[in-house]
Amino acid sequence: MSNTATLTNKLTRTFPAFSHKNFRYFWSGQCISLMGTWMQTTAQQWLVYTITKSAFLLGLLGVAQFGPMLVFSLFAGVLADKFPKKAILIFTQSALMVQAFILAGLVLSEHVQYWQVLVLAAALGLVNTLDMPTRQAFMVELVGREDLTNAIALNSTIVNLARIIGPTLAALLMSGVGAGICFLLNALSFIPVIIGLSLIQAQPIRQSKKAEKNMLKSVVAGLRYIYKMPVLAYAVLAVLAVGTFIMNTNVLFPVFADQVLHEGVNGYGFLLSAMGFGSLIGAMLVATKARRNPSRRVMFISSLLLSAIMVSIFFIRSSYPAMLLVAALGLFNIIFMNTVNSTLQLNSTDEYRGRVMSVYSLALGGTTPIGNLFAGGFTEKYGPSVGFLMCGIATGIILAAIIIRTQVMKKKQSAVG
């Protein structure tokens, strides 16, 4: 056996999702595109902050981008269960490419205004509302249930590798030639994704006719399905807490880098890269030690640690301790998110998976407008350190209530048994 074949066998044993050709097409395209996505995310936040110098208006940008998810994500899940996921993803990725080209044109022509970025962020959010649950639910069609946890972890690996490289490149480009090139490169990065999706020949899972009759009834049926399964319900509630109050780094990081660390755009890029580095380590740990049955204990411990780290950042005033804590934030965030994602997908039937993942998307990103306004309001009035503190406290209180509730339910079930 050749050295190449031996290496390939070892790779597929450690990362079994790579044994599926369709997943390799999907993963390869994402490797390039996600780097562009993080470049655009970094450039967009800093662009708005430099235009407005307002944490509140930066938070309002989050409302515009994630507001559509709050309103429409449950309906997007019905569409993901009803139509071929590959076709939906080709459409959404193409639309995201167009959005990036428009934003690049406005910035490069030096005609960009805050309201234009706001409108384009809303368009981005609307497309992502359909893209996110569809992409999550599509994974099982690429690798099957057996290798699903490994595929989710490997996908997270490239997301977080991009989170390291993308912000660093964006910071260098913004300080050198401006933000416009970041948006242009992101637009071009969607081309490999669309090509990869076109090459995929996955067998679509047969959809239930129940989801085709009435969209509102399908949404209600999906919510009822989650409510009746505690393993799904508690996972969604945990994501709701973390998604609302922990995922506010888009508001907190730029202001923290500027007002507390006094590092400007480079400090902002370093914070994002530090979080990406921690997330990458977490994703690799999950990918190499993937289990069929994710642990509820890991889910709750990692989420509580996220809360504690947010509170700890309140006391930080220098760059190196900040980057260390932010890296830890990324590490435990990815462990938490992978555990929840695997829990939801492995415990959902094919008929409801799209709707379950739409609720996941709603809990993760749809509540971001609320969290952004919460974080932006405290940051605007009291500074970014207090913003971190209040987000951490709010998360901890909600998680404590969820954990207490699960323990009470567990005792009741034991008593009945």
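Note that the coordinates shown come from a computational prediction; the quantities given were computed from them, not determined experimentally. (Residues numbered from 1 in each chain as written. Predicted model: local features only at pLDDT ≥ 70, side-chain atom pairs only at ≥ 80, totals over all residues. Heavy atoms only, no water.)

Considerations on the overall build of the chain
And step 1. Helix and strand counts for the chain come out as 17 helices and 0 strands.
And step 2. Relative to a compact globule of 417 residues, whose C-alpha radius of gyration would be 22 Å, the chain shows 21 Å and is just as compact.
And step 3. Projected onto its principal axes, the C-alpha positions of the chain cover 55 × 50 × 50 Å.
And step 4. Burial status across the chain gives 55% buried among its 417 residues.
And step 5. A separation threshold of at least 6 residues defines the contact pool for the chain, and within that pool the share at least 24 residues apart is 86%.
And step 6. Of the side-chain charges in the chain, 31 are positive and 12 negative, and the distance between the mean point of each set is 12 Å. (Helix = DSSP H or I, 4+ residues; strand = E, 2+ residues; numbered from the N terminus. Rg over C-alpha atoms; globule rule 2.2 N^0.38 Å. Buried < 20%, exposed > 50% of the residue type's maximum accessible area, 1.4 Å probe, protein only. Contact = heavy atoms within 4.5 Å. Lys, Arg positive; Asp, Glu negative; His and termini not counted. Charge placed at Lys NZ, Arg CZ, Asp CG, Glu CD.)

Structural notes on the domain arrangement of the chain
And step 1. Structurally, the chain comprises domain 1 (15–200) and domain 2 (214–416).
And step 2. The gap between the C-alpha centroids of domain 1 and domain 2 is 19 Å.
And step 3. Between domain 1 and domain 2, the residue contacts involve 49 residues of the former and 61 residues of the latter.
And step 4. Carbon and sulfur atoms make up 69% of the surface buried where domain 1 meets domain 2, a total of about 4,900 Å² over both sides.
And step 5. Broken down residue by residue, the surface that domain 1 buries against domain 2 is led by Trp-46, Leu-74 and Arg-145, which jointly contribute 13%.
And step 6. Applying the counting rule to domain 1 against domain 2 returns 1 salt bridge.
And step 7. The residue Asp-81 makes a salt bridge to Arg-355 at a minimum N-O spacing of 2.8 Å.
And step 8. Scanning the region where domain 1 abuts domain 2 turns up 6 residue pairs in polar contact (both at pLDDT 80 or more).
And step 9. Of all the secondary-structure elements, those providing two or more residues to the side of domain 1 that touches domain 2 are helix H2 (21–52), helix H3 (55–82), helix H5 (114–143) and helix H6 (148–176).
And step 10. Residue contributions to the side of domain 1 that touches domain 2 peak at 18 residues, all from H3.
And step 11. Taken together, the residues of the side of domain 1 that touches domain 2 sort by class into 28 nonpolar, 16 polar and 5 charged. (Domains from an automatic or database assignment. Buried area = accessible area lost by both parts, 1.4 Å probe. Salt bridge = Lys/Arg side-chain N within 4 Å of Asp/Glu carboxyl O. Polar contact = N/O pair within 3.5 Å; in protein donor to acceptor, adjacent residues only side chain to side chain. Nonpolar A, V, L, I, M, F, W, Y, C, P; charged D, E, K, R; others polar.)

A short note on a nonpolar patch on the surface
And step 1. Residues Leu-70, Val-71, Phe-72, Phe-75, Leu-126, Met-215, Leu-216, Val-220 and Ile-370 make up a contiguous nonpolar surface patch of about 770 Å² in total accessible area.
And step 2. Listed by contribution, the elements that provide at least two residues to the nonpolar patch are H3 and helix H9 (215–227).
And step 3. Tracing the sequence through the fold places Val-220 in helix H9. (Patch = residues over 30% accessible without salt bridge, like charges linked within 9 Å, V, L, I, M, F, W, Y side chains within 5 Å. Areas by Shrake-Rupley, 256 points an atom, 1.4 Å probe, with all protein chains shown as cover.)

Looking at the packing of aromatic side chains
Pairs of aromatic rings are described using the distance from one ring centre to the other and the angle between the two planes.
And step 1. Tallied over the entire structure, the rule returns 12 aromatic pairs.
And step 2. Arranged with centres 5.0 Å apart and planes meeting at 85°, the rings of Phe-18 and Trp-27 form a pair that is edge-to-face.
And step 3. Overall, the relative accessible area of 12% leaves Phe-18 in the buried class.
And step 4. For the pair Phe-314 and Phe-315, a centre-to-centre distance of 5.0 Å together with 80° between the ring planes defines the contact as edge-to-face.
And step 5. Phe-315 gets classed as exposed once you look at its relative accessible area, which sits at 59%.
And step 6. One aromatic cluster is present, formed by Phe-245, Phe-374, Phe-378 and Tyr-382 through successive ring pairs. (Phe/Tyr/Trp six-rings, centres within 6.5 Å; stacked < 30°, edge-to-face > 60°.)

Here we look at unusual backbone geometry
And step 1. Despite not being glycine, Glu-110 has its phi angle at roughly 60°, a positive value.
And step 2. Among the residues examined, Glu-110 registers a relative accessible area of 71% and is labelled exposed.
And step 3. In this structure, His-262 takes a positive phi of about 60° despite not being glycine.
And step 4. Counting through the fold element by element, His-262 comes out in the loop between helix H11 (249–260) and helix H12 (264–288).

With respect to the nonpolar core
And step 1. Counting 77 residues, the largest nonpolar core has Phe-336 and Leu-344 as its most contacted members.
And step 2. With 10 residues, helix H10 (residues 230–245) is the single largest residue contributor to this core.
And step 3. Shared between two domains, this core holds at least three residues of each, these being domain 1 (15–200) and domain 2 (214–416).
And step 4. Among all residues touching Leu-344, those that are not within four sequence positions of it are Leu-232, Ala-235, Val-236, Val-356, Met-357 and Tyr-360. (Core = buried A, V, L, I, M, F, W, Y, C linked by side-chain atoms within 4.5 Å.)

A closer look at the side chain of Ser-33
And step 1. Within the secondary structure layout, Ser-33 lies in helix H2.
And step 2. Those residues in contact with Ser-33 that sit more than four places away from it in its chain are Gln-93, Asn-186, Ser-189, Phe-190 and Val-193.

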